[in-house]
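The lines below spell out each chain.
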Amino acid sequence: MKRLVVPILAGLVLGALVHLVGVLMMPYVAERDGYARLAEAGQVNAVTLLENRRLLAEALPASDPAFVTAVCLYDLTEGPLKVRVPTTEDYTSISFYTRQGLPFYAINDRSAGRTVIELDLMNARQKAAMPEDEEVTVADRLVVESPSQEGIVVIRGLARERGARAEVQSAIASARCTPTP
C-alpha cells in the first residue's frame, strides 16, 4: 500500500499541472475566441453596435441586458487610434482588452469628468515617437498604451429605463474609433 501512495500523489500533481497549463493556454490557441467572433460582426478600427443578442451572448458572455454595448476591434500596425465616446446620462464605460482578452485599461464617465471621453490608443513604439509638447498636459490628453498590436475596445452605456434605451443606443452608436494621421 505504501508503494502506491507516491505514484498516486505524483499522478495527481501532474494531472493538476497539465490541467492548469491547458486552461491558461486556451486564450492563445482557441480558433474562435472573442476577437474572432466579434470580427464577424464588424470591421477593424470601427465601432460596431452589438444589437444582436445571440452574438453579444457568444462574444461577451454574462453581459448585463441593461447595458447597450458596442465594440471596436483595433489594429495598431498602421498607426495610433483616436477613441471618442460621448457619455450617456446614467453611466458610460470604456474597457480595453488585448486580442487574447486580457484587460489593460478602463475608464468611465465619472472618472473622466467630461461629456465626451477622448483617448489616444497606441503601442509603446508609437507612444515613444510622440513629440513632447509642454503645453499639452496629461489632463488634456489621455493616452492609453496597448501591450499588443490587436485588441478590443468595449464601450458600454447604461439604459436605466426601457424608454431611455433608444437615446443610449444613439449615443453609443455615435462613438468613434478612427486612425489618427
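Please refer to the structure higher up on the page.
These numbers were taken from a predicted model, which means no experiment stands behind them.

Calculation notes
Residues numbered from 1 in each chain as written. Predicted model: local features only at pLDDT ≥ 70, side-chain atom pairs only at ≥ 80, totals over all residues. Heavy atoms only, no water. Disulfide = S-S within 2.5 Å. Helix = DSSP H or I, 4+ residues; strand = E, 2+ residues; numbered from the N terminus. Buried < 20%, exposed > 50% of the residue type's maximum accessible area, 1.4 Å probe, protein only. Phe/Tyr/Trp six-rings, centres within 6.5 Å; stacked < 30°, edge-to-face > 60°. Pairing = 2+ DSSP bridges. Axes fitted to C-alpha atoms, helices over the stretch in contact; angles between N-to-C directions. Salt bridge = Lys/Arg side-chain N within 4 Å of Asp/Glu carboxyl O.

Colleague: Would you mind showing me how to read the state of the cysteines here?
Modeller: Here a disulfide denotes a covalent bond joining the sulfur atom of one cysteine to the sulfur atom of another. Throughout the structure, instances matching the rule amount to 1 disulfide. Cysteine 72 shares a disulfide with cysteine 177; S-S distance 2.0 Å. The sign of the -60 degrees torsion about the S-S bond sets the cysteine 72-cysteine 177 disulfide as left-handed. Within this pair, whereas cysteine 72 is found in strand 2 (residues 67–75), its partner cysteine 177 is found in strand 9 (residues 176–179), the two being separated by 105 residues in sequence. Judged on exposure class, the residue cysteine 72 and its partner cysteine 177 are both buried.

Colleague: Sorry if this is basic, but what is going on with the side chain of serine 95 here?
Modeller: Secondary-structure assignment places serine 95 in strand 4 (residues 92–98). Here serine 95 falls in the buried class, since its relative accessible area comes to 11%.

Colleague: Would you mind showing me how to read the packing of aromatic side chains here?
Modeller: Each aromatic ring pair is described using two quantities: the centre-to-centre distance and the angle formed by the ring planes. Enumeration over the complete set of coordinates arrives at 3 aromatic pairs. Here the aromatic rings of phenylalanine 67 and tyrosine 91 are separated by 6.2 Å at their centres, their planes lie at 80 degrees, and the arrangement is edge-to-face. You can see phenylalanine 67 sitting in strand 2 and its partner tyrosine 91 sitting in the loop between strand 3 (81–86) and strand 4, a full 24 residues away along the chain. Under the relative-accessibility criterion, phenylalanine 67 is labelled buried at 17%. Where phenylalanine 96 meets tyrosine 105, the ring centres are 5.9 Å apart and the plane angle is 55 degrees; that geometry is what we call tilted. Classification of phenylalanine 96 as buried rests on a relative accessible area of 0%. You can call tyrosine 105 partly exposed: its relative accessible area is 32%. What links up through ring pairs into an aromatic cluster is the set Phe96, Phe104 and Tyr105.

Colleague: Teacher, can you tell me more about the pairing of strand 4 here?
Modeller: In regular strands, side chains alternate between the two faces of the sheet. The buried fraction of strand 4 amounts to 6 of the 7 residues, a majority that puts the element mostly inside the structure. Relative to strand 8 (residues 150–158), strand 4 is paired through 7 bridges, and the arrangement is antiparallel. Looking across to strand 8, one finds that serine 95 is bridged to valine 154. Sheet topology note: the strand 4/strand 5 (residues 103–108) ladder contains 5 bridges and is antiparallel.

Colleague: It is not clear to me how the sheet that holds strand 3 should be interpreted in this structure. Could you clarify?
Modeller: Two orientations exist for strands paired in a sheet by backbone hydrogen bonds: parallel and antiparallel. Taken together, the 4 strands give an open sheet; going across it, the order is 7-6-3-9, and neighbouring strands pair in mixed fashion. Each having just a single partner strand, strand 7 (142–145) and strand 9 make up the two edges of the open sheet. Adjacent strand axes in the sheet meet at a mean angle of 25 degrees, parallel and antiparallel pairs treated alike. Pairing between strand 3 and strand 9: 4 bridges, direction antiparallel. From the neighbouring strand, lysine 82 faces strand 9, where its bridge partner is threonine 178.

Colleague: Is there a simple way to explain the pattern of salt bridges in this structure?
Modeller: Side-chain pairing between opposite charges can occur once the charged atoms of the two side chains come close. Counted by the stated rule, this structure contains 6 salt bridges. Between arginine 99 and glutamate 150 there is a salt bridge; the shortest N-O distance is 3.1 Å. Of this pair, arginine 99 sits in the loop between strand 4 and strand 5 while glutamate 150 sits in strand 8, and the two are 51 residues apart along the sequence. Among the residues examined, arginine 99 registers a relative accessible area of 27% and is labelled partly exposed. Here aspartate 109 ties to arginine 110 by a salt bridge, and the two come within 2.8 Å at their closest N and O atoms. Since its relative accessible area comes to 9%, aspartate 109 is described here as buried. Judged by its relative accessible area of 52%, arginine 110 falls in the exposed class.

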